[in-house]
Amino acid sequence: MKTMNIYCIGRNYANHARELGNAVPDQPILFSKPSPALVETNGQVISLPKDQGEIHHEIEIVLKIDKDVKEGDKVSDVVSKMALGVDLTLRDVQSVLKEQGHPWLRAKGFKNSAIVTPFWPCEGKEVCEKTDFSFVINSETIQKGNIQEMMFDFQAIIDECVNCFGLGEGDLIYTGTPEGVGPLQSGDQCQLYWGKEEKGRFVVG
Ligand code: ZN
């Protein structure tokens, strides 16, 4: 049976781990989101939970897996498309879950919590290293990142996912967020940029 999985990497940029007061991990922190969490940007209003406390934005590069991955496969063999995404977190809910030692699912897996732009052909490591990605709210740049700041690169992330869960065609990987995460407010106009190019936009509903 074929289903699509959404995997996410936590604390993959050291500065983001530090801003939340977390230790920098020595192996990737992995979690997943249910498929109804996924929504593609087209300029629309995206409805988010009300009355559950703060919802934080995390802009991330998203990789799309082309085929069933075998151990040892190279990124370039199994990923031909990339996108930008926003991994949303109910931060207050997550803080309580962490205190209780419970899974993050309620804080990370709600409907529309995995926003993604349309995909484009993967540009390779060198181009990515020359291209910052950024998240703009109401015309102000709030987060900016570059893959050079990642602790676990795309290859390490894919290797880890294959070892732990397996990876198949259509699976998505959110590869972690740089520092600058913070709350979204209803009505915020949000844009995702790859270099100077806008790849997607949405309005918080
Ligand atoms: Zn994230």
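Criteria and thresholds
Residues numbered from 1 in each chain as written. Predicted model: local features only at pLDDT ≥ 70, side-chain atom pairs only at ≥ 80, totals over all residues. Heavy atoms only, no water. Core = buried A, V, L, I, M, F, W, Y, C linked by side-chain atoms within 4.5 Å. Buried < 20%, exposed > 50% of the residue type's maximum accessible area, 1.4 Å probe, protein only. Contact = heavy atoms within 4.5 Å. Helix = DSSP H or I, 4+ residues; strand = E, 2+ residues; numbered from the N terminus. Pairing = 2+ DSSP bridges.

Asks: Which residues make up the nonpolar core, and what values go with them?
Replies: Counting residues in each nonpolar core, the largest one holds 56 residues, and the members touching the most others are Ile 61, Phe 135, Ile 158, Leu 167, Ile 173 and Phe 202. Each residue touching Phe 202, except ones within four places of it in the same chain, is listed here: Thr 41, Gly 43, Gln 44, Ile 46, Val 86, Ile 115, Phe 135, Asp 188, Gln 189, Cys 190 and Leu 192.

Asks: Quick rundown of the pairing of strand β7 (residues 79-87)? Include the residues and the values.
Replies: The element β7 is extensively covered by neighbouring structure, given that seven of its nine residues are classed as buried. Across seven bridges, strand β6 (residues 59-65) lies against β7 in antiparallel orientation. Residue pairing in the sheet places Ile 59 in a bridge with Val 86 of β7. Summarising the sheet, β7 and strand β10 (residues 120-121) pair through two bridges and their orientation is antiparallel. The partner of Lys 81 across the bridge, within β10, is Pro 121. Here three bridges tie β7 to strand β9 (residues 114-116), and the two strands are oriented antiparallel to one another. Of the residues in β9, the one forming a bridge with Gly 85 is Val 116.

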